[in-house]
Amino acid sequence: MTRSMPETLARVLGEGTVLTDAASLAARRHDYWMLSHVRDHLGASAPSPACVVRPGGVEDVQATLRFASAAGVPVIPFGLGSGVVGGVVARPDAIVLDMGSMNRTRFVDPVNLQASFDAGKNGLEAEQAVAEEGLTIGHWPQSVGVSSVGGWVATRASGQFSTAYGNIEDIVHTIEAVLPNGELVILGKGPRASAGPDLRHLMLGSEGTLGVITGVTFSLRRAPETRTVSAFQAGGMRAGFEFQREIIQSGWRPPVVRQYDERESLRLDARATACLILMVHEGPAAVVAAETAAVGELAAKMNIPAAPPDIVDHWLEQRNHVPSWEMFLQRGIVLDTVEVSAGWGAIGAIYDDATAALKAIPGCLAGSAHSSHAYRGGLNLYFTFAVQTDEPGAMEAIYLDGWRGIMEATDRHGGGLAHHHGIGRVRRAWLERELSAGGVALLRRLKHALDPAGIMNPGVLLPDA
Ligand SMILES: Cc1cc2nc3c(=O)[nH]c(=O)nc-3n(C[C@H](O)[C@H](O)[C@H](O)COP(=O)(O)OP(=O)(O)OC[C@H]3O[C@@H](n4cnc5c(N)ncnc54)[C@H](O)[C@@H]3O)c2cc1C
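Just so we're clear, the structure is a prediction, and the values are computed from it rather than from any experiment.

### Describing the overall build of the chain
Consideration 1: Secondary structure assignment for the chain yields 17 helices and 18 strands.
Consideration 2: Taken over the C-alpha trace, the chain has a radius of gyration of 23 Å; the compact-globule value for 465 residues is 23 Å, and the two agree within 12%.
Consideration 3: Principal-axis analysis of the C-alpha atoms places the extent of the chain at approximately 80 × 60 × 40 Å.
Consideration 4: Counting every position in the chain, which comprises 465 residues, the buried fraction comes to 47%.
Consideration 5: Contacts in the chain between residues far apart in sequence, at least 24 positions, make up 72% of those at least 6 positions apart.

### Things to note about the domain arrangement of the chain
Consideration 1: Domain annotation for the chain reports domain 1 (5–100), domain 2 (103–222), domain 3 (226–318) and domain 4 (325–412).
Consideration 2: Computed over C-alpha atoms only, the centres of domain 2 and domain 3 are separated by 29 Å.
Consideration 3: The partner domain 3 presents six residues to the five residues of domain 2 that form the contact.
Consideration 4: Looking at the side of domain 2 that touches domain 3, its residues break down into three nonpolar, two polar and no charged.

### Description of the sheet that holds strand 9 (residues 184–187)
Consideration 1: If you walk across this open sheet you meet the five strands as 5-6-10-8-9, and the pairing is antiparallel. Either end of the sheet is taken by a strand with one partner, and the two such strands are strand 5 (105–109) and strand 9. Mean inter-strand twist for the sheet, computed between neighbouring axes without regard to direction, equals 10°.
Consideration 2: Relative to strand 10 (residues 212–219), strand 6 (residues 114–118) is paired through five bridges, and the arrangement is antiparallel. Directly across from Phe-117, in strand 10, lies its bridge partner Val-216.

### Considering the sheet that holds strand 2 (residues 51–53)
Consideration 1: The sheet built from four strands is open, its strands ordered 1-2-4-3 with mixed pairing. Since the sheet does not close on itself, it has two edges, and those belong to strand 1 (18–19) and strand 3 (75–78), each with one partner.
Consideration 2: Most of the contacts of helix 4 (residues 58–71) go to strand 4 (residues 95–98), to which it runs at about 165°, and overall it touches strand 2, strand 3 and strand 4.

### Remarks on the nonpolar core
Consideration 1: Ranked by internal contacts, the top residues of the largest apolar core, which has 121 residues, are Val-75, Ile-95, Leu-97 and Val-153.
Consideration 2: Sequence-distant contacts of Val-75, defined by excluding residues within four places in its chain, comprise Thr-64, Leu-65, Ala-68, Ala-94, Ile-95, Leu-97, Ile-455 and Met-456.

### Here we look at the packing of helix 1 (residues 5–13) against helix 4
In helix packing, the relevant descriptors are the interaxial angle and the interaxial distance, both defined with respect to the helix axes.
Consideration 1: For the pair helix 1 and helix 4, interaxial distance at closest approach is 10 Å and the crossing angle is 140°. In this structure, helix 1 crosses over helix 4, and the sense of that crossing is right-handed. Residues Met-5, Leu-9, Val-12 and Leu-13 of helix 1 form the contact with helix 4, whose participating residues are Asp-60, Ala-63, Thr-64, Phe-67 and Ala-71.
Consideration 2: Broken down by class, the residue content of the contact of helix 1 with helix 4 amounts to seven nonpolar, one polar and one charged.

### Notes on the site of the ligand
Consideration 1: Every one of the 36 residues lining the ligand counts as a neighbour, but Gly-79, Gly-83, Gly-87, Gly-151 and Gly-208 are closest to it.
Consideration 2: Per element, the largest residue contribution to the shell around the ligand is five residues, and it comes from helix 6 (residues 149–155).
Consideration 3: Partitioned by chemical class, the residues of the shell around the ligand number 17 nonpolar, 17 polar and two charged.

### Brief notes about the packing of helix 15 (residues 344–359) against helix 16 (residues 395–412)
Consideration 1: The N-to-C vectors of helix 15 and helix 16 enclose an angle of 155°; their axes lie 8 Å apart at closest approach. It follows from the interaxial angle that helix 15 and helix 16 lie roughly antiparallel. Judged by the twist between their axes, the crossing of helix 15 over helix 16 is right-handed. Within the contact between the two elements, helix 15 uses Ile-350, Asp-353, Ala-354, Ala-357 and Leu-358 and helix 16 uses Gly-402, Gly-405, Ile-406, Ala-409, Thr-410 and Arg-412.
Consideration 2: Residues that form the contact of helix 15 with helix 16 fall into these classes: six nonpolar, three polar and two charged.

### Examining helix 12 (residues 285–301)
Consideration 1: Over its 17 residues, helix 12 runs 24 Å from end to end, which matches the ideal 24 Å to within 8%, given 1.5 Å per residue.
Consideration 2: Within the span of helix 12, buried status applies to Glu-291, Val-295 and Ala-299. Around the axis of helix 12, the buried residues are gathered within 70° of arc, so they sit on the same side. Along helix 12, exposed side chains directed more than 90 degrees from the buried face belong to Ala-285, Ala-286, Ala-293, Glu-297, Ala-300 and Lys-301.
Consideration 3: Elements in contact with the buried residues of helix 12: strand 12 (226–234), helix 10 (237–249) and strand 14 (275–283).
Consideration 4: Downstream of helix 12 by a residue or two, Asn-303 has a phi angle that is positive, lying close to 55°.

### Here's the deal with the pairing of strand 10
Consideration 1: In terms of burial, strand 10 is largely enclosed, as seven of its eight residues are buried.
Consideration 2: Sheet topology places strand 8 (residues 172–178) next to strand 10; six bridges connect them, and they run antiparallel. What sits directly across from Glu-176, in strand 10, is Gly-215.

Cut-offs used in this document
Every chain's residues receive numbers from 1 upward, in the order its sequence appears when written. Where local features are concerned, this predicted model is filtered to residues with pLDDT of at least 70; where side-chain atom pairs are given and counted, the filter is 80 or more; whole-chain, interface and lining totals use all residues. Where helices and strands are cited, they refer to DSSP runs of H or I of at least four residues and of E of at least two residues respectively, numbered from the N terminus. Each radius of gyration reported is based on C-alpha atoms, and the globular scaling rule is 2.2 Å times the count of residues to the power 0.38. With C-beta atoms placed from the backbone, a residue is buried if 20 or more other C-beta atoms are within 10 Å of its own, exposed if 12 or fewer are, and partly exposed between those counts. Distance between backbone-placed C-beta atoms decides contact: two residues are in contact if it is within 7 Å. As used throughout, domain bounds are those supplied by an automatic or database domain assignment. In the scheme used here, Gly and all other residues not listed as nonpolar or charged are polar, with Ala, Val, Leu, Ile, Met, Phe, Trp, Tyr, Cys and Pro taken as nonpolar and Asp, Glu, Lys and Arg as charged. Any two strands with at least two DSSP-identified bridges between them are counted as paired. Axes, fitted as lines to C-alpha atoms, cover a helix only where it is in contact. Angles between the N-to-C directions of the axes lie from 0 to 180 degrees. What we call a nonpolar core is a set of buried Ala, Val, Leu, Ile, Met, Phe, Trp, Tyr and Cys residues whose membership is set by joining through C-beta atoms within 7 Å. Take the far helix as your reference; a near helix turned counterclockwise from it by less than a right angle gives a left-handed crossing, and one turned clockwise gives a right-handed crossing. Being near a molecule or strand means, for a residue, that its backbone-placed C-beta atom lies within 6 Å of it. Throughout this description, any angle smaller than 35 degrees is read as roughly parallel, any larger than 145 degrees as roughly antiparallel, any in the 65 to 115 degree range as roughly perpendicular, and the remainder as oblique. A helix is expected to reach a length of 1.5 Å times the quantity of its residues less one. When we speak of the arc, we mean the arc of directions from the helix axis to the C-beta atoms.

If you want it as structure tokens, here you go:
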């Protein structure tokens with residue numbers, strides 16, 4: 001009798017590690033990508049994979065990848081499934097490698113300010129493990145409680161406190177990963193290196209296409225001595241952008257700086273009369289006092305009035321909410337969030353053009369944006385669109401129209417097309433505009449060198465050849 005692929009793999013890994021029951025397969029068919037949920041809603045769901053592997057340790061990941069490379073079986077790494085760009089969409093011939101089973105804290109080192117975790121560790125649990133020692137990772141994506149530390153690396157994630165603490169690439173110290181041929185690599189040793197290209201960047205943003213991240217060591221911070229908040233409201237988005245630019249380019253670094261357009265400001269707080277700008281200041285008490293005072297002086301100089309600071313307290317309480325798509329889909333509403341970035345000189349035009357494109361979609365209920373990550377050279381914009389239709393068959397096209405409007409407006413003004421959610425499936429077609437044709441060709445050659453059998457997460461990140 002010929003064995004099925006899952007049966008053969010189960011003989012390699014052990015019975016309990018390879019799951020084939022319908023519930024386990026169905027639960028890992030896709031991530032949080034809106035379009036997968038639209039398709040579920042319309043009865044055109046992603047198929048279940050052939051099996052789910054729940055590795056007990058690095059050796060199981062190595063054995064799985066060796067097996068898959070030899071047999072030419074696709075492998076789809078799965079963290080905790082909170083990705084929003086279609087990085088996980090199962091197919092009937094694939095192994096879904098569920099890294100959530102590898103979730104140990106390996107060590108917390110309060111002297112060198114490091115903490116190391118298995119890649120499947122839940123982000124909030126990782127933060128709690130270091131908080132017990134008076135430390136913080138400082139990485140707070142809205143999805144902190146439903147995403148894994150390996151997923152953060154695989155998607156080049158950003159946390160809400162990034163303006164001071166940096167994005168995931170600034171916080172990661174060491175990445176342990178298994179290459180498609182089963183080889184183990186440990187990348188990142190000292191606090192800084194001049195030892196050839198930084199190979200950690202092969203895994204940062206690789207979205208499961210170049211290997212499987214099995215362990216992550218973070219460079220930590222001591223928990224801040226003090227935290228305070230401030231809030232302002234600018235007369236329009238451009239005035240707010242100028243205020244933010246002045247703060248950041250003067251050298252101040254409030255960890256949180258968020259600016260909402262008028263629509264989102266009102267949604268945040270009914271007292272808003274214009275574009276709210278919310279800030280959180282953290283660190284040594286003297287630095288926090290100096291920063292708060294300096295920001296207040298700049299606001300006065302630029303005629304930016306203060307807003308009630310309890311709006312920031314309310315945002316802090318609500319900030320990790322994870323909404324359910326189904327509630328909207330039942331009302332015929334297609335929605336999504338799309339993040340881009342650009343230099344200070346272009347961000348205003350991108351905001352205007354992208355929101356205009358969204359509002360031009362028939363049935364548009366909302367086309368709005370806020371910024372949430374500021375840099376010396378520019379900032380990000382995080383668009384939200386919601387469009388209602390009574391034609392279920394039109395939902396997918398409407399969804400793609402929303403994306404196209406934002407991508408094209410951003411590209412037209414020279415902005416970056418993906419700030420922190422990654423490329424997945426939804427942005428593949430625009431990758432060449434981000435990396436150039438030569439850049440995509442280079443990535444393709446790297447992918448082929450590491451994964452000649454093409455087993456790692458096919459259909460993600462790279463556009464079809
Ligand atoms: C409500 C909500 C809010 C969000 N807020 C933020 C935010 O503030 N900032 C932000 O950056 N993102 C945010 N996200 C997006 C998402 O949480 C991040 O992309 C997160 O990093 C994904 O982690 P995950 O473990 O859930 O990965 P998954 O969704 O399981 O996988 C995402 C991608 O990474 C790959 N992958 C996962 N684990 C591994 C691994 N160990 N090795 C190799 N590849 C792997 C997968 O194959 C897939 O391509 C949000 C999502 C939701 C639903």
